Amino acid sequence: MPTATSPTGSGPRPTTRSIAELLSAAGEGDATAWNEIVRRYHRLVAAKVRSFTLQDADALDAIQMTWLRLAENLHRLWFPERLAGWLATTASRECLHILRQAKRTAHSVDVVARDVIDPATGPEEHAIDADTVRAVGRLVAELPLGRRILVQALFADHPRSYTELARTIGIPIGSIGPNRARTLQQLRRMIDERGLGPGA
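Since the model is a prediction, treat every value here as computed from it, not as a measurement.

Looking at the overall build of the protein
Check the secondary structure of the protein and you find 8 helices and 0 strands. Each helix and strand of the protein, placed in order from N terminus to C terminus, yields the pattern α-α-α-α-α-α-α-α. Taken over 200 residues, the protein has a buried fraction of 33%. Of all intrachain contacts in the protein linking residues separated by at least 6 positions in sequence, the fraction that spans at least 24 positions is 62%.

A closer look at the packing of helix H1 (residues 19-27) against helix H2 (residues 31-50)
Two packed helices can be described by the angle between their axes and the distance between those axes. The N-to-C vectors of H1 and H2 enclose an angle of 135 degrees; their axes lie 8 Å apart at closest approach. By the criterion of interaxial angle, the relationship of H1 to H2 is oblique. Of the two possible hands of crossing, H1 and H2 adopt the one that is left-handed. Residues Ile19, Leu22, Leu23, Ala25 and Ala26 of H1 touch H2, and the partners they reach there are Ala33, Trp34, Glu36, Ile37, Arg40 and Tyr41. Residues that form the contact of H1 with H2 fall into these classes: 9 nonpolar, no polar and 2 charged.

So, helix H3 (residues 56-72)
An ideal rise of 1.5 Å per residue puts 24 Å on 17 residues; H3 measures up with 24 Å between its terminal C-alpha atoms. Residues Asp58, Ala59, Ala62, Ile63, Thr66, Trp67, Leu70 and Ala71 constitute the buried set of H3.

Describing the packing of aromatic side chains
Tallying each qualifying case throughout the model produces 1 aromatic pair. Seen from their ring centres, Trp34 and Trp67 are 6.0 Å apart, and the 75 degrees between their planes marks the pair as edge-to-face. Placement of Trp34 in helix H2 and of Trp67 in helix H3 is noted, with a sequence separation of 33 residues between them. Residue Trp34 shares its accessibility class with Trp67, and that shared class is buried. Cation over ring: Arg82 sits above Phe79, and NZ or CZ is 4.3 Å from the ring centre.

Let's talk about the nonpolar core
By size, the foremost hydrophobic cluster in this structure holds 30 residues, and its most contacted members are Ile37, Val49, Trp67, Leu70 and Leu83. Every element with two or more residues in this core is listed here: H1, H2, H3, helix H4 (83-115) and helix H6 (145-155). The residues contacting Val49, other than those within four sequence positions of it, are Leu54, Ala59, Ala62, Ile63, Ala91 and Cys95. Counting residues in each nonpolar core, the second largest holds 6 residues, with Leu139, Val140, Leu143 and Met190 among its members.

Structural notes on helix H8 (residues 176-193)
If you check H8, its first and last C-alpha atoms are 26 Å apart, about what 18 residues at 1.5 Å a residue would give, namely 26 Å. Among the residues making up H8, those that are buried are Ile176, Asn179, Thr183, Gln186, Leu187 and Met190. Taken down its axis, H8 places every buried residue within 100 degrees of arc, on the same side. Opposite the packed face of H8, turned more than 90 degrees from it, sit the exposed residues Arg188 and Asp192.

Description of the side chain of Gln186
Tracing the backbone through its elements, the reader meets Gln186 in helix H8. When sequence neighbours within four positions are dropped, the list of residues in contact with Gln186 reads Leu143 and Arg147.

Observations concerning unusual backbone geometry
A positive phi angle, close to 45 degrees, is found at Thr53, a residue other than glycine. For Thr53, the position within the fold is in the loop between H2 and H3.

Examining the environment of Leu22
Along the chain, the position of Leu22 falls in helix H1. Placed 12 residues apart in sequence, Leu22 and Trp34 show a C-alpha to C-alpha distance of 7.0 Å.

Cut-off values and rules
Residues numbered from 1 in each chain as written. Predicted model: local features only at pLDDT ≥ 70, side-chain atom pairs only at ≥ 80, totals over all residues. Heavy atoms only, no water. Helix = DSSP H or I, 4+ residues; strand = E, 2+ residues; numbered from the N terminus. Buried < 20%, exposed > 50% of the residue type's maximum accessible area, 1.4 Å probe, protein only. Contact = heavy atoms within 4.5 Å. Axes fitted to C-alpha atoms, helices over the stretch in contact; angles between N-to-C directions. Parallel < 35°, antiparallel > 145°, perpendicular 65-115°, else oblique. Left-handed = near helix turned anticlockwise from the far one by under 90°. Nonpolar A, V, L, I, M, F, W, Y, C, P; charged D, E, K, R; others polar. Expected span 1.5 Å × (residues − 1). Phe/Tyr/Trp six-rings, centres within 6.5 Å; stacked < 30°, edge-to-face > 60°. Lys NZ or Arg CZ within 6 Å of the ring centre and 35° of its normal. Core = buried A, V, L, I, M, F, W, Y, C linked by side-chain atoms within 4.5 Å. Arc of directions from axis to C-beta.

Pasting the structure below:
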């Protein structure tokens, strides 16, 4: 499948082919045609994604997913002259999907973290625990989307199946375990670096 390559790198010189010709050629596996499409429209896609003020990692995910959607639909674009609008709409949808996932994940982590606070502790301890919950929630929000979804799945009352998780994140089922381990390691490092660990 074609990938979005950097339009500033060295490569074939731009062509004068129409967008319809480029889409048709890219659909047949012509990498030069695909790179020309990316060169012509990368600024539009990046600008649309930037308008959502996502974190850097999420913005990159949204851009890559937009190009992936195009690669998946090359043979279904009946109006090539409307490609700019199609890309802008697709980029917006990907950004909104990321924002919805982030909101849902942050809410789930916050609820679960509050639930694990010992009900026998006094008001001062509750205040400290609440601050910790908020701080950890902010750390989770800094994770890339895929890892935030994994955190949400770890703390959910009704955990998702590995099949559903793999489909949502877009990775093989066999990668779920290793990714979960790396996610927890990253969170532990972030907690230690911010002084939120035990004894801090």
